[in-house]
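What follows is each chain in one-letter form.
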Amino acid sequence: MAAARRHFLANVLERDGRYLAHVLPDLSTDADYSEHVRIAPVRGAGEGGRWLDIDSLPDVQPTLPLLFLFHVSRCGSTLVNRMIEDMPGVVSFSEPTFVADIMKLRGIDMRRRMQLLRRCLLAAVMARGGGDRLCVVRFTAWGSYDMAGLMAAFPAARPVFLYRDPLEVLVSQRDGPSRRVRDQVLEPRHEWPGIDHAALSRPEYIARMLGCLFGLARDAGRPMLLVSYSELPGAVFERLLPYLGLEIDDDVRAAMLARTKTYSKSRQPVAFSPDGWDKRARATAEERHLVKLHVAEAFGAVEEMLRRAINGAHG
């Protein structure tokens, strides 16, 4: 089983025209991470550690195959990420802070944003000891808003979109909201024209957000693997690993299956019990209407895309 490891880079900020990444204190800050670049942290950029000038790194694609996990939240993405982590030769980054911070930087275009991200990701992969099979990046649900830009910046990456019945996601986020849902946050470039998202009811905010995410998957314009929550965990073995061209032995498969015995948000053994029916039963009439109004069309299109993909694979 893969040991939990801290990300090499933490927060990213802009200071006097330079873009700096916080180098975590438990890692060497003057080691050679490639034959071309020597990490040279910038001191005095802030408290609590050392800072790396991102532009001191090369702007190249990681040589390790990339898997990008996009999702709508509360749909099994954490479980999938942890299962893949148990495969030998895999380097995994789950919702890394440096990605979110780069996507929030003000005053730069998407091309520059992706340049910074490529440089940070390359450094992070090398600092984690590389790997010989796969690098997995699991984005936040809000990271899916930048799906098109990320796939353009990393053309060789294999994208996966994980999703769940939107009514179930809405009820889950209503009852236990993530920080972004609680605060009803949107980045300026993601705001909905003519709509004050902060003034919306929480269910309407969630429904509109889900409609956008499903719409982005529907309109991606590039092949990606669609995985429904209802298919897990079997789809990891039956569709995800073949999509990546990877094979595993029985011991690795057993370790991956062991992940399904533990609730994905906890390290403690918790018996899994399907709760979709309960969530749908607790949805209000207003919430059902909001899902129908803002999500149903895009969700239906994604479901149809999944049906055609599965039928084609079996055809």
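Thresholds, definitions, all that
Residues numbered from 1 in each chain as written. Predicted model: local features only at pLDDT ≥ 70, side-chain atom pairs only at ≥ 80, totals over all residues. Heavy atoms only, no water. Buried < 20%, exposed > 50% of the residue type's maximum accessible area, 1.4 Å probe, protein only. Helix = DSSP H or I, 4+ residues; strand = E, 2+ residues; numbered from the N terminus. Arc of directions from axis to C-beta. Core = buried A, V, L, I, M, F, W, Y, C linked by side-chain atoms within 4.5 Å. Contact = heavy atoms within 4.5 Å. pLDDT = per-residue confidence, 0-100. Pairing = 2+ DSSP bridges. Axes fitted to C-alpha atoms, helices over the stretch in contact; angles between N-to-C directions. Parallel < 35°, antiparallel > 145°, perpendicular 65-115°, else oblique. Left-handed = near helix turned anticlockwise from the far one by under 90°. Nonpolar A, V, L, I, M, F, W, Y, C, P; charged D, E, K, R; others polar. 1 Å grid on protein atoms, 1.4 Å probe; cavity = no way out; pocket = protein on both sides within 12 Å on 5 of 7 lines; lining within 4 Å. Points joined across faces, edges and corners; volume = space filled by probe spheres on them. Phe/Tyr/Trp six-rings, centres within 6.5 Å; stacked < 30°, edge-to-face > 60°. Lys NZ or Arg CZ within 6 Å of the ring centre and 35° of its normal.

*Asks:* Explanation requested: helix H11 (residues 285-294) in the structure shown.
*Replies:* Given 3.6 residues per turn, any residue in an α-helix points the same way as the ones three and four places further on. Within the span of H11, buried status applies to Glu287, Leu290 and Val291. What you see down the axis of H11 is that its buried residues fit within an arc of 100°, all on one side. Every exposed residue of H11 that faces more than 90 degrees away from the buried side is listed here: Ala285, Lys292 and Leu293.

*Asks:* What is the right way to look at the nonpolar core in this model?
*Replies:* Nonpolar side chains in soluble globular proteins tend to be buried together. One finds Phe98, Phe161, Phe214 and Leu240 to be the most contacted residues of the largest nonpolar core, which totals 95 residues. Setting aside residues up to four positions removed in sequence, Phe161 forms contacts with Phe70, His71, Val72, Met147, Leu213, Phe214, Ala217, Met224, Leu225, Leu226 and Val227.

*Asks:* Quick question: what am I supposed to make of the confidence of the model for the protein here?
*Replies:* Low pLDDT means the predicted atomic positions in that stretch should not be read closely. Taken over all residues, the pLDDT of the protein has a mean of 85, while the share at 70 or more is 84%. A low-confidence stretch, residues 1-6 (pLDDT under 50), is modelled with 11 contacts involving residues beyond four sequence positions or located in other chains. A low-confidence stretch, residues 26-38 stays under pLDDT 50, and its non-local contacts, those more than four residues away or across chains, total 21 contacts.

*Asks:* When you look at the sheet that holds strand E7 (residues 134-138) in this model, what are you seeing that I'm missing?
*Replies:* Sheet strands associate in pairs through backbone hydrogen bonding, adopting either a parallel or an antiparallel arrangement. Pairing is parallel across the open sheet formed by 5 strands, whose spatial order is E6-E7-E5-E8-E9. The sheet is open, and its two borders are formed by strand E6 (90-94) and strand E9 (225-228), each paired with just one other strand. The sheet shows a mean angle of 20° between the axes of neighbouring strands, taken without regard to direction. The sheet contact formed by strand E5 (residues 66-71) and strand E8 (residues 158-163) spans 5 bridges and is parallel. Bridging from a neighbouring strand, Phe68 pairs with Pro159 of E8.

*Asks:* I keep staring at the packing of helix H5 (residues 166-175) against H11 and nothing clicks. Help me out?
*Replies:* To describe two helices that pack against each other, one gives the angle between their axes and the distance between the axes. Relative orientation of the contacting elements H5 and H11 amounts to 130°, with a least axis distance of 10 Å. The orientation of H5 with respect to H11, classified from their angle, is oblique. Regarding H5 and H11, the two cross each other, and that crossing is right-handed. When H5 is examined against H11, the residues Pro166, Leu167, Leu170, Val171 and Arg174 are found in contact with a partner set consisting of Glu287, Arg288 and Val291. Of the residues assigned to the contact of H5 with H11, the class counts are 5 nonpolar, no polar and 3 charged.

*Asks:* Hey, could you run me through empty space enclosed by the protein in this one?
*Replies:* By the definition in use, this model includes 1 cavity of 30 Å³ or more. Taken as a whole, the largest cavity holds about 30 Å³ of empty space. Together, Val80, Val160, Leu162, Val227, Leu232, Ala235, Val236 and Leu240 line the largest cavity. Mapped onto the lining of the largest cavity, the elements with two or more residues apiece are E8 and helix H8 (234-244). It is H8 that contributes the most residues to the lining of the largest cavity, 3 residues altogether. Grouping the amino acids of the lining of the largest cavity by side-chain chemistry returns 8 nonpolar, no polar and no charged.

*Asks:* When you look at the environment of Leu240 in this model, what are you seeing that I'm missing?
*Replies:* The residue Leu240 is located in helix H8 in this model. Given the relative accessible area of 3%, Leu240 is considered buried. In this structure the C-alpha to C-alpha distance between Leu240 and Val160, which are 80 residues apart in sequence, comes to 8.5 Å. Here Leu240 is in contact with Leu67, Val80, Ile84, Val160, Leu225 and Ala235, once residues within four sequence places are set aside.

*Asks:* Would you explain the packing of aromatic side chains in this entry?
*Replies:* The description of an aromatic ring pair uses the distance of the two centres, along with the angle that the planes make with each other. Across all of its chains, the model carries 11 aromatic pairs by this definition. Through pairs of rings, three or more aromatic residues link up here, namely Phe68, Phe70, Phe139 and Phe154. Taking NZ or CZ as reference, Arg158 lies 4.1 Å from the ring centre of Tyr243, over its face. The ring of Tyr229 has Arg164 lying over it, and the distance from NZ or CZ to the ring centre is 3.9 Å.

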